[in-house]
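These are the residues of each chain, in order.
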Amino acid sequence: MPPWLLRFARLRLAWLLLLVVGLYSPIFTATPTLDDRVGLQALSQSTVAPLKHAPWDLYRICEPFDQATRSLETWGAIPWYFDPDANLVHFRPVSSLLLAFDYWLAPGQAWWSALHGLGWYAVLIAGLRRLYRRWFDERWAAGLAVALFALDDTHTFTVGWAANRHLLLCACAAVWGWLAHLRWREEGWALGRWWSVLLFSLGFLSGEAMVGLFSYIVVDALARAPGPLAARLWPLRDALVVVLVWAALYLGLGYGTHGSGVYDHPLEEPVAFLMAVIRWVPIHWLAQFTPIPSDPAAAVMIEPDLAPVLILTTLPPALALAWWGWKTLADTPRARPLMLAVVANLMVMAAGMPGDRGLLATGIGGSALTVMLVQALTRTRWQRGVGTVVLVVHLFLPVLGVPARAHLFTTIGPAWDRVAQHMESVDPNKPLVMLTTPGMLGSVYFMFARHQTGHAVPPRIEQIGSTHAEVRLRRTASQELELQTSGHFTSTFDDLPCREPSLPFVAGAVHKLAVGRVTVISIGADGLPTALRLELNRPVDELQFAKWTDRGFEPLPLPPVGSEIELPATSLVPPGV
């Protein structure tokens, strides 16, 4: 091990945290981004598409026939292809209350949200420092594992994005609760038993990610000593009661997901969940232990035909890396159970939206496993060289990656705000018909961002053609339009939470709108619409129309009857990002 690397591994916690703050400093200039706007709207008590979510229930996205869904539908933010039976309700009261506190104390203020997120990250890093010192005999190895975790660039969006902070809160509760449990079990600290119960409870009330984090504690208990399963789990009896109570509340109060192309409930949708595990676990495993990012894999959710390609290109190297690590760490205490716990975390994460931002929980075990692997590679000069390269890659690439990702994060919110504000000539007295959009986000974010930045908001929005491809618009009658796309409608990444794949579109199906109706004319080979007919129930001069361009939404004068025009392709990535 190079001497300079050993000195870095012995870096004091205060200096490490200062380095983390410096790398994350761009997030202090961020603005409310995507889901943050929804939370602000829910707490504003505005008459513009009112959301009636309680401060402890801001993660209630939608559920069948609930008041918030109906208000959005009345306003028009929910498109015609939205599944009326969709249920996307997350049980995260602690995280929600802290979000509400942020919005109340400093609404839209980047510095406070950034400081809040970094504060919890510091609490997590401090807890991991104590945990890793229990795992490693050498102090430098524990310090190196802490540095690997703290500087991991896949954590950037989790730390910087307020709406994603529930993962951070779950991790803090899990690590500090685990430490209290270990002190009670190993050192006889009586209060540790009850502190662990309290912290585990707060973790489960912070988010579903606690299920994956709890696997660390369960696997550790099972691996500690031989004997009957019940005997090994007995020290966790209090924590298991917490899990059962949480599960009863979660299911009894109607929380969970259903009818979505993004979230796959393991119990209600076991086949879809199994397919998600096969698709996402390999790429997330590679993202944790190699510089390969998992974020681009989200494109597979837009183009399901790419799923076999993703599996064939990621499964073999992921299995090879896992097999090599399993063999190399055979003689390392705690390593193999830790690998199993990491896989359990990845499986839980596979049930939700894929991406690097979910790797925070995985990194707790992944950072330690990386250091264990380096420790095991000491037999030959070649192995020591490989170990050094592994450490350098995991330490210094993220030093570049964290500021880059933090800067990207700061551009997303302002870019979407510019998109919403770009269309200045909005008549607040006429419904707005969006003939092309880059997804449901286009209409919802358009509404919330304009309202919160003081711009004119139409009395209703109707979103018609959601696609990333070009669209040919033909006016067949004075109040009738036909849209033909070179790709597919409702096929964008942002449309996926709106409709379960098992709910097929039907050619000839009619969907009612406040301004008329949409008829599906034709269906493509993948079951998605390729042509739509819009029949208006009022003269066109009583409406206003818009299209998506490379600058955002712009007014669209309709062509004369019998004529057609080409509308450009759309992109979910807003201009300026």
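Residues numbered from 1 in each chain as written. Predicted model: local features only at pLDDT ≥ 70, side-chain atom pairs only at ≥ 80, totals over all residues. Heavy atoms only, no water.

Looking only at helices and strands, the protein chain has 20 helices and 13 strands in total. For the protein chain, the residues scored as buried account for 55% of the 577 residues in total. Taking contacts inside the protein chain between residues at least 6 apart in sequence as the whole, the part at least 24 apart equals 74%. Total accessible area on the protein chain stands at roughly 23900 Å², and carbon and sulfur atoms take up 65% of it. When the 43 positive and 44 negative side-chain charges of the protein chain are each reduced to one mean point, those points stand 11 Å apart. (Helix = DSSP H or I, 4+ residues; strand = E, 2+ residues; numbered from the N terminus. Buried < 20%, exposed > 50% of the residue type's maximum accessible area, 1.4 Å probe, protein only. Contact = heavy atoms within 4.5 Å. Areas by Shrake-Rupley, 256 points an atom, 1.4 Å probe, with all protein chains shown as cover. Lys, Arg positive; Asp, Glu negative; His and termini not counted. Charge placed at Lys NZ, Arg CZ, Asp CG, Glu CD.)

Let's shift gears to the side chain of Ser215. Looking at the element boundaries, Ser215 is found in helix α11 (residues 210-224). Note on Ser215: relative accessible area 11%, which makes it buried. A polar contact is formed between the side chain of Ser215 and the side chain of Asn345, at a distance of 3.5 Å. Other than its neighbours up to four places away in sequence, Ser215 contacts Ala341, Ala344 and Asn345. (Polar contact = N/O pair within 3.5 Å; in protein donor to acceptor, adjacent residues only side chain to side chain.)

Taken in spatial order, the 4 strands line up as β5-β4-β11-β12 in an open sheet, and their pairing is mixed. The strands lining the two open edges of the sheet, one partner per strand, are β5 (461-466) and β12 (552-555). Strand after strand, the sheet turns through a mean of 25° between neighbouring axes, direction not considered. Strand contacts of helix α19 (residues 381-422): β11 (544-549) and β12, with the helix running at about 5° to β12, the strand carrying the most contacts. (Pairing = 2+ DSSP bridges. Axes fitted to C-alpha atoms, helices over the stretch in contact; angles between N-to-C directions.)

This brings us to the side chain of Gln544. Looking at the secondary structure, you find Gln544 in strand β11. Looking at Gln544, its side chain comes within polar contact range of the main-chain oxygen of Asp427, at 2.7 Å.

Right, let's get into the pattern of salt bridges. According to the stated counting rule, one finds 17 salt bridges in the structure shown. Across the pair Arg92 and Glu208 runs a salt bridge whose closest N-O atoms are separated by 2.9 Å. Here Arg92, found in the loop between β2 (87-89) and α5 (93-105), pairs with Glu208, found in the loop between α10 (190-204) and α11; they are 116 residues apart in sequence, far enough to count as distant. A salt bridge links Glu535 to Arg517; the nearest nitrogen and oxygen atoms lie 3.0 Å apart. Within this pair, whereas Glu535 is found in strand β10 (residues 529-536), its partner Arg517 is found in strand β9 (residues 516-523), the two being separated by 18 residues in sequence. Beyond isolated ion pairs, a larger network of salt bridges with shared partners links Arg134, Arg183, Glu186 and Glu187. (Salt bridge = Lys/Arg side-chain N within 4 Å of Asp/Glu carboxyl O.)

Our focus in this paragraph is the sheet that holds strand β3 (residues 256-258). Reading across from one edge, β1-β2-β3 is the order of the 3 strands in this open sheet, with antiparallel pairing throughout. Two strands lie at the open edges of the sheet, namely β1 (60-62) and β3, each paired on one side alone. When strand polarity is set aside, the average angle formed by the axes of neighbouring strands in this sheet is 15°. By the bridge criterion, 2 bridges tie β1 to β2 in an arrangement that is antiparallel. The residue of β2 that forms the bridge with Cys62 is Leu88.

So, about the nonpolar core. Among the nonpolar cores identified, the biggest contains 157 residues, and Tyr121, Leu124, Tyr132, Phe136 and Leu435 are the most heavily contacted of them. Apart from residues no more than four positions distant in its own chain, Leu435 is found in contact with Ile464, Gly465, Leu473, Leu481, Leu483, Leu534, Phe545, Ala546, Leu556 and Leu558. Core analysis: the next-biggest nonpolar cluster, separate from the first, contains 8 residues, Ala42, Leu58, Tyr59 and Ala100 among them. (Core = buried A, V, L, I, M, F, W, Y, C linked by side-chain atoms within 4.5 Å.)

So, about helix α2 (residues 13-24). Along its 12 residues, α2 runs 16 Å from first to last C-alpha, staying within 8% of the 16 Å computed at 1.5 Å per residue. For α2, the secondary structure elements touched by its buried residues are α6 (110-135), α7 (139-150), α8 (156-160) and α19. (Expected span 1.5 Å × (residues − 1).)

Time to look at the pairing of β9. Where strand β8 (residues 510-513) meets β9, 4 bridges bridge the pair, whose relative direction is antiparallel. Its bridge partner lying in β9, His511 is registered against Val518. Connecting β8 to the antiparallel partner β9 that follows it, the hairpin turn spans 2 residues. Pairing of β9 with β10 involves 7 bridges; the strand directions are antiparallel. Its bridge partner being in β10, Val518 is matched across the sheet by Leu534.

Packing of α11 against helix α17 (residues 335-350) leaves a shortest axis separation of 8 Å and a crossing angle of 155°. Judged by the inter-axis angle, α11 sits roughly antiparallel to α17. Crossing angle aside, the handedness with which α11 passes α17 is right-handed. Together, Val211, Gly212, Leu213, Ser215, Tyr216, Val219 and Ala223 of α11 and Pro337, Leu338, Ala341, Val342, Ala344, Asn345 and Val348 of α17 make up the contact between the two elements. (Parallel < 35°, antiparallel > 145°, perpendicular 65-115°, else oblique. Left-handed = near helix turned anticlockwise from the far one by under 90°.)

Looking now at empty space enclosed by the protein. Empty space left among the atoms is revealed by rolling a probe the size of a water molecule over them. Applying the stated rule across the entire model yields 2 cavities of 30 Å³ or more. In this structure, the largest cavity occupies an estimated 200 Å³ of space. In this structure, the largest cavity is lined by 20 residues; those nearest its centre are Pro32, Asp36, Gln109, Ser113 and Ala162. Elements with a minimum of two residues in the lining of the largest cavity: α3 (35-44), α5 and α6. Tallying contributions element by element places α6 first for the lining of the largest cavity, with 4 residues. The volume enclosed by the second largest cavity comes to roughly 40 Å³. (1 Å grid on protein atoms, 1.4 Å probe; cavity = no way out; pocket = protein on both sides within 12 Å on 5 of 7 lines; lining within 4 Å. Points joined across faces, edges and corners; volume = space filled by probe spheres on them.)

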